[in-house]
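Structural features, examined
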Protein chains: 2
Amino acid sequence: MERFVSSFRNKVDGKGRVSVPAVFRSVLARQGHSVLYAYPSPGAPALDCGGERLIGEVSALLEGLPPYSDERDLLSVELFGRCEELKVDGDGRIVLPDDLRTHAGIESEAVMVGLGHKFQIWEPGRFEARRAESVKRVGELRSLLGRERPGDA
Amino acid sequence: MERFVSSFRNKVDGKGRVSVPAVFRSVLARQGHSVLYAYPSPGAPALDCGGERLIGEVSALLEGLPPYSDERDLLSVELFGRCEELKVDGDGRIVLPDDLRTHAGIESEAVMVGLGHKFQIWEPGRFEARRAESVKRVGELRSLLGRERPGDA
DNA sequence: TGGGTTTTGATGGGATAGCATGGTTAATAA
DNA sequence: TTATTAACCATGCTATCCCATCAAAACCCA
């Protein structure tokens, strides 16, 4: 497969391990190695996850800024400094580091939602709330789908 | 690994020794030998660190400035003049020289944060303040991130 | 189409190796 | 020697690996 689609609700065990859905793993594998990058979603209590492609986009963004500018160093702290490189183990699982778990409020279960070029990890309750909200807004935004937007892949 | 990502909080012992996070060491190793260059971060109470690649970038940056110009001489003094070449010992540790420690205000603990092409060393308290600042900035500049919006779900 | 079989994926627990860290000894310089 | 720095062990913790179990979906063959 090419994009992250669909969503899954998996257990987080006592060691902080979660299974990465098999279909997501196959998307990652297609991008190269079985590594996964995760960082707090800017502006949401969730985690943004993706493979080499996602981290490449972030890199490109930051490298476009002048070296030693405050802008670049500050953004890097948030985007790279809070980013974790998670190795997918032989059983298809990752370990969620504590600070990322805290950011998303994740305890014993996690929802993983495909968003195309990346996927997000949510605490199930918060995800429900967010989804209820987005159902409403999708109605409002439907007209956007009818025309092409610049920058869309 | 390819870039410095994630952050770590390590102890500084009585001799000034700190462990370089294993993942950072592997990035350095990929760039050649296990040497690490460190100098005061221009404009911040922290230390900029990296391997051969970083020092190469600094050289290129300086060589792009007009020879004998004030800005070139001043930057050279600041970046090269205060730069230390630190050897990573067999246990993966470095010794932080006193003047660098003083510049960063580091006492018994240090935060090491990956910024992609380099990483920084901070005194934990000061880093917290810095991070708060970066969260704010990311919020302001989220439009830079293109399609990555809080309403993405 | 239905029932049984096989394969794949998710989850739990225990063994193991890697890492951060403290301390001790050896080497070097003043 | 005496002070300082570098190499060498030693330990406890945590993440990583491996194996076992279980559920579910895909498959196959009447």
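Residues numbered from 1 in each chain as written. Chains lettered and ligands numbered in written order. Predicted model: local features only at pLDDT ≥ 70, side-chain atom pairs only at ≥ 80, totals over all residues. Heavy atoms only, no water.

All names here are of chain A. Counting 22 residues, the largest nonpolar core has Leu-36, Phe-119 and Ile-121 as its most contacted members. Contributions of two or more residues to this core are made by α1 (22–30), β3 (35–40), β4 (47–50), α4 (98–104), β7 (109–114) and β8 (119–122). In terms of residue count, the dominant contributor to this core is α1 (3 residues). Each residue touching Leu-36, except ones within four places of it in the same chain, is listed here: Val-20, Leu-28, Cys-49, Gly-50, Glu-84, Glu-85, Leu-86, Ile-94 and Phe-119. (Core = buried A, V, L, I, M, F, W, Y, C linked by side-chain atoms within 4.5 Å. Buried < 20%, exposed > 50% of the residue type's maximum accessible area, 1.4 Å probe, protein only. Helix = DSSP H or I, 4+ residues; strand = E, 2+ residues; numbered from the N terminus. Contact = heavy atoms within 4.5 Å.)

Further remarks concern the packing of aromatic side chains. Residues and elements named next belong to chain A. The tally for this structure, following the rule as stated, stands at 10 aromatic pairs over all chains. Judged by centre distance (6.0 Å) and plane angle (55°), the ring pair of Trp-122 and Phe-127 falls under tilted. Of the aromatic side chains, those joined through ring pairs into one cluster are Phe-4, Phe-8, Phe-24 and Phe-119. (Phe/Tyr/Trp six-rings, centres within 6.5 Å; stacked < 30°, edge-to-face > 60°.)

Residue and element names in this part refer to chain A. One open sheet accounts for 6 strands, arranged β1-β7-β8-β4-β3-β5; its pairing is antiparallel. Whereas interior strands pair on both sides, the edge strands pair on one side only; in this sheet they are β1 (7–11) and β5 (84–87). Across the sheet, the mean angle from the axis of one strand to that of its neighbour is 30°, orientation sign disregarded. Note that β4 and β8 share 3 bridges and pair antiparallel. Its bridge partner lying in β8, Asp-48 is registered against Gln-120. Docked against the sheet, α1 engages β1, β3, β4, β7 and β8, running at close to 50° with respect to β7. Relative to β7, helix α5 (residues 124–141) is tilted by about 40°, and along the sheet it contacts β1, β7 and β8. (Pairing = 2+ DSSP bridges. Axes fitted to C-alpha atoms, helices over the stretch in contact; angles between N-to-C directions.)

Residue and element names in this part refer to chain B. An order of β1-β7-β8-β4-β3-β5 is seen for the 6 strands of this open sheet, with the pairing classed as antiparallel. Because the sheet does not close on itself, it has two edges, and the strands there are β1 (7–11) and β5 (84–87). For this sheet, the mean angle separating the axes of adjacent strands, direction not counted, is 30°. Sheet topology note: the strand β3 (residues 35–40)/β5 ladder contains 4 bridges and is antiparallel.

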